[in-house]
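Examination of the molecular architecture
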Amino acid sequence: MEICKRVFACLVLSLLTFCSFVMHAQRAPNANAVYQQLRNLMPSGATITVNNLVLKRDAAVFTFKSGSFAFYGEVNGKVTGAVFRGDGNVHITPPTQQERNNLALVMHTQEFDEGFDEAVLRFTDGTANELKKASAGAGQDAGSFLKPAQDMQSLFRHHSIQTYGSENGTYYEKIFYGNVDLRLLEDVLSPAPGEFFMAELHGGKHAQLFFVIDPHGVDSEIEPDEVALMVWDPAINGTIYPLSFRLASEYANGTPSGDVQNEAYKILDEKLDVSIDKGGALSSVATVEVRADQDGLAVVPFDLYPTLRVSEVTTDKGDALDFVQEEKDQDPDFGVVLAAPLKKGDTTTVRITYGGKNAVMNKGNSNYFPVAREDWYPSSSQGLGDYANYEMKFHVPKGLQLIATGTKVNEGNDGKETTTEWKTETPLPVVGFTLGDFQSKEATVGAAGQVQITIDAYANRQPPDFLSNLDGDALGTLQPGAMLPNELSQAQAAAQVYTNFYGQIPFTHIALTGQPDCSFGQSWPMLVYLPVCGFLDVTQRHNLELDLSDPQYWRVVTPHEVAHQWWGQTVGFRGYRDQWMSEGFADASAALFLLSTRPKPDDYLDFWKSERKLLTDKNEFGFRPIDVGPVTMGTRLMSPKAGWNIYGDLVYPKGAFILHMIQMMMWNPREGDAQFKAMMQDFVTTYKLRAATTEDFKAMVEKHMSPAMNLDGNGSMDWFFNEYVYGTDLPAYHFEGDATQTADGNAVHIKLDQSGVSDTFKALVPVYLELANGQVLRMMQMRMSGNGSYEHTFNLPKLPAPIKKVSINYYYDLLCTEE
């Protein structure tokens, strides 16, 4: 009996020890005590009165003429907020002309000035001390300050995420700042001094106005800018950024357009073990090695799709870590609280277990749509400019095939499951996958002795439900695989053209895959997502009316996405101001594909004509896209004032024109495109697997520019970049030209008027001779400056055929309008 009692006691003790271990090893989300304090914090501390207090924060000057402040209570010894009620004013002087222009477009002023009667401040900088030093005595009762704080809290928690449903699931999209408590936690737990500042202002013209300074970057939408004026607009259920720019110290140092490193951390390596079931539900364990790039890294924020719920975070030794992740329809930003703050250069490894639905959707007939293409795994919250190494293991139902970024190093079947393992051979900015019941074809690119690229094209055997449910009589048999040879042929030809112009990419294979959505294509390293409707034939797309708005899209979507293997993946971009290179260069590359694969240049010329039309036709809001702003404003150009299609209607075609104009200026009849090719191959080699900025590209153009391009005589391309990249210039030309045969050859008379530009505007205007035998010869490049005319008669030798027509801009060499 005594033995039984001892055995029972041992069993109970063992069970309690096990339960204690489980409780220690797995922590609930949001359980960190400091985070909970921040989450529930309200102004309840001391109140003060101030008079004519001036608070300078970067480009903003806040004047609190009269009123009171109520402070939030201390958390971990730090005050993180205060609420003001009284009479105040904010004045912001934008640091650049681009920002002044954008402010004028959105708010009809070039300097922002607005009064307010309430302000909610959240901060980790020295604001609390500045306010307390300015105290003129005790203020109002703290209870009267609660409502502004509660309203701001409600906005952040209930309007960060927008959801919209479909028959296959619910989509989640971030539309506002996110979890401000998590951002405060980063600095509150860090021993390093914080520099975060946010002010929400009430009582002026704009109901919900925010001014933010964040050295880590304000928001991924405007990465890497650290200062922004944001407006939450309930009418559009979204955020507008009238102002966004770098810190004043960077302008003072002359570095705002360079790749200033403002990241708190960097992901070095990530291992992913992922399972996906037939319904699309995803579960995964991510093992992530992180390096601190600033002293005092205490919290690591990651991007993770809201429906992917984290269940556990541990160190690589199995010790449990706190983590933050609020409900998926609130402010669900994910962050890991480290066991101890890291010094700059220190590394740590965390193990994250997570899973959920709606990140991958089954669209029917084994067509799976990867909704969360950027954030299906814990990724850097600091944009696509960060590169990491990845190892991935995927488990999917037998009968399905998974294609991922990287090189497949192993594959096996175990009962009802297929497992594949993938590894990236070089650091990459992003990884992805596609899943389906595929049929495939293969081709290679590259001559003997060169590094060859293998292209594998995949199409689902059956269409997704939304296509298979359509009228069969009108569409015939829908088999995406029927057009697989065509898509593969386009990709193969495109890769050959781009290798010739831009040089080798660091990838030895590219997977071309259909995805069950007609509205877009996308390109990740070695993995191209193509719209499923690109696998329909021309008649089927016409019967579906897919070619009515933009028939050109279907001619170039495949070569455009393949071009992103060079532009966006091999040569990356750090933020929205440089994304024009990725999209614009891919669009210009698609034009080269048309020129190189067609017997006549008709499609090529139609392409540039269509691009110019996109830029110069007024939209439904009365704006020509080219007038709204420069390409370096990126997605911020979209607004209720100028329209929501402005980004696509400006950045893609104008970015393409910028590269096309440089190519045409570099072209010469003796060497053709040799100079342009040398420049682009140098650019690819120099910035291979690195993020390049606009200024990096400008420096590369200056390195390779021809003597004719040196219009300022100083070896600089400022004149061109200020006009077309950083500016919105669009010259107008009236041209008259005729040719007469002479005894010795031809006399060509030309008259050219340039108008609609500033006095300092410069251009090289190409003059062409169209001959009776079909040849087109460039006669000269005319230097034009300001608004004026040029008239001259030239004597030319005999040509292979009579001159049929004298013209300018035959190949749309210059973005302009012509009478």
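Coordinates for the structure precede this section.
Cut-off values and rules
Residues numbered from 1 in each chain as written. Predicted model: local features only at pLDDT ≥ 70, side-chain atom pairs only at ≥ 80, totals over all residues. Heavy atoms only, no water. Helix = DSSP H or I, 4+ residues; strand = E, 2+ residues; numbered from the N terminus. Buried < 20%, exposed > 50% of the residue type's maximum accessible area, 1.4 Å probe, protein only. Contact = heavy atoms within 4.5 Å. Axes fitted to C-alpha atoms, helices over the stretch in contact; angles between N-to-C directions. Parallel < 35°, antiparallel > 145°, perpendicular 65-115°, else oblique. Left-handed = near helix turned anticlockwise from the far one by under 90°. Pairing = 2+ DSSP bridges. Disulfide = S-S within 2.5 Å. Core = buried A, V, L, I, M, F, W, Y, C linked by side-chain atoms within 4.5 Å. Phe/Tyr/Trp six-rings, centres within 6.5 Å; stacked < 30°, edge-to-face > 60°. Lys NZ or Arg CZ within 6 Å of the ring centre and 35° of its normal. Salt bridge = Lys/Arg side-chain N within 4 Å of Asp/Glu carboxyl O.

**Considering the environment of Ala 739**
Summarising the element assignment, Ala 739 is placed in strand E35 (residues 732–741). Residue Ala 739 is classed as partly exposed on the basis of its relative accessible area, which comes to 30%. Along the chain, Ala 739 and Leu 769 lie 30 residues apart, while their C-alpha atoms are 9.1 Å from each other. Beyond its immediate sequence surroundings of up to four residues, Ala 739 is in contact with Ala 747, Val 748, Ile 803 and Val 806.

**Things to note about the packing of helix H10 (residues 484–502) against helix H12 (residues 551–563)**
When two helices pack together, their arrangement is given by the angle between the helix axes and the distance between those axes. Packing of H10 against H12 brings their axes to within 9 Å, and their N-to-C directions diverge by 50 degrees. As the angle between them shows, H10 and H12 are arranged oblique. Of the two elements, H10 crosses H12, and the hand of that crossing is right-handed. Along its contact with H10, which presents Glu 487, Gln 490, Ala 491, Ala 494, Ala 495 and Tyr 498, the element H12 presents Arg 555, Thr 558, Pro 559, His 560, Val 562 and Ala 563.

**With respect to the sheet that holds strand E23 (residues 389–397)**
The mixed open sheet is built from seven strands, whose spatial order is E16-E19-E14-E13-E23-E26-E25. At either end of the open sheet lies a strand with only one pairing partner, and these are strand E16 (309–315) and strand E25 (407–414). Neighbouring strand axes in the sheet, compared pairwise and without regard to direction, differ in orientation by 15 degrees on average. Pairing of E16 with strand E19 (residues 347–356), which is carried by six bridges, proceeds in the antiparallel orientation. Paired with Glu 312 across the bridge in E19 is Thr 353.

**Topic: the state of the cysteines**
Here the structure, examined in full by the defined rule, presents one disulfide. Two residues share a disulfide in this structure: Cys 518 and Cys 533, whose sulfurs sit 1.5 Å from each other. Disulfide Cys 518-Cys 533: torsion about the S-S bond near 45 degrees, hence right-handed. Here Cys 518, found in the loop between strand E30 (509–515) and strand E31 (522–524), pairs with Cys 533, found in the loop between strand E32 (527–531) and helix H11 (538–543); they are 15 residues apart in sequence, far enough to count as distant. For the pair Cys 518 and Cys 533, a shared accessibility class is recorded, and that class is buried.

**Re the nonpolar core**
Core analysis: the largest hydrophobic core is formed by 178 residues, its most contacted members being Phe 302, Ile 352, Tyr 354, Trp 376, Phe 683, Phe 697 and Phe 720. The leading source of residues in this core is helix H16 (residues 646–666), at 13 residues.

**Some remarks on the packing of aromatic side chains**
One pass over the full model with this rule turns up 49 aromatic pairs. Geometrically, the ring pair formed by Trp 580 and Phe 697 is edge-to-face, given 6.4 Å between the ring centres and 75 degrees between the ring planes. Of this pair, Trp 580 sits in helix H13 (residues 579–597) while Phe 697 is found in helix H18 (residues 694–704), placing the two residues 117 residues apart along the sequence. On the accessibility criterion, Phe 697 (0% relative accessible area) is buried. Consider the rings of Phe 607 and Trp 608, whose centres lie 5.1 Å apart with planes at 90 degrees: the pair is edge-to-face. When its relative accessible area of 1% is taken as the criterion, Trp 608 is described as buried. The ring of Tyr 72 has Arg 122 lying over it, and the distance from NZ or CZ to the ring centre is 4.2 Å. Here the guanidinium or amino end of Lys 132 rests over the ring plane of Phe 71, the centre of that ring lying 5.3 Å away.

**Some remarks on the environment of Gly 786**
Among the secondary structure elements, Gly 786 is positioned in the loop between strand E38 (776–785) and strand E39 (788–797). Among the residues examined, Gly 786 registers a relative accessible area of 4% and is labelled buried. Separated by 299 residues in sequence, Gly 786 and Glu 487 have C-alpha atoms that sit 47 Å apart. Ignoring anything within four residues of it in the chain, the contact list for Gly 786 reads Gln 754, Val 757, Ser 758, Asp 759 and Phe 761.

**Quick notes on the pattern of salt bridges**
Once the charged atoms of two side chains with opposite charge are near each other, the side chains can pair. Enumeration over the complete set of coordinates arrives at 32 salt bridges. With a closest N to O distance of 3.8 Å, Asp 333 and Lys 174 form a salt bridge. Taken together, the residues Asp 333 in the loop between strand E17 (323–324) and strand E18 (334–342) and Lys 174 in strand E8 (residues 169–174) connect sequence positions 159 residues apart. The class for Lys 174 is partly exposed, based on a relative accessible area of 40%. A salt bridge links Glu 818 to Arg 612; its shortest N-O distance comes to 3.1 Å. Taken together, the residues Glu 818 in strand E41 (residues 817–818) and Arg 612 in helix H14 (residues 602–616) connect sequence positions 206 residues apart. Judged by relative accessible area, Glu 818 falls into the partly exposed class, the value being 35%. Arg 612 gets classed as buried once you look at its relative accessible area, which sits at 18%. Put simply, Arg 39, Arg 157, Asp 181, Glu 326 and Asp 331 are held in one network by salt bridges that share partners.

**Quick word on unusual backbone geometry**
Residue Pro 224 follows Glu 223 across a cis peptide bond; omega there is 10 degrees. Mapped onto the fold, Pro 224 is located in the loop between strand E10 (209–213) and strand E11 (227–233). In this structure, His 108 is a non-glycine residue whose phi angle is positive, near 60 degrees. With respect to the helices, strands and loops of the structure, His 108 is situated in the loop between helix H3 (97–107) and strand E6 (112–123). A positive phi angle is found at Asn 365, which is not glycine, with a value near 55 degrees.

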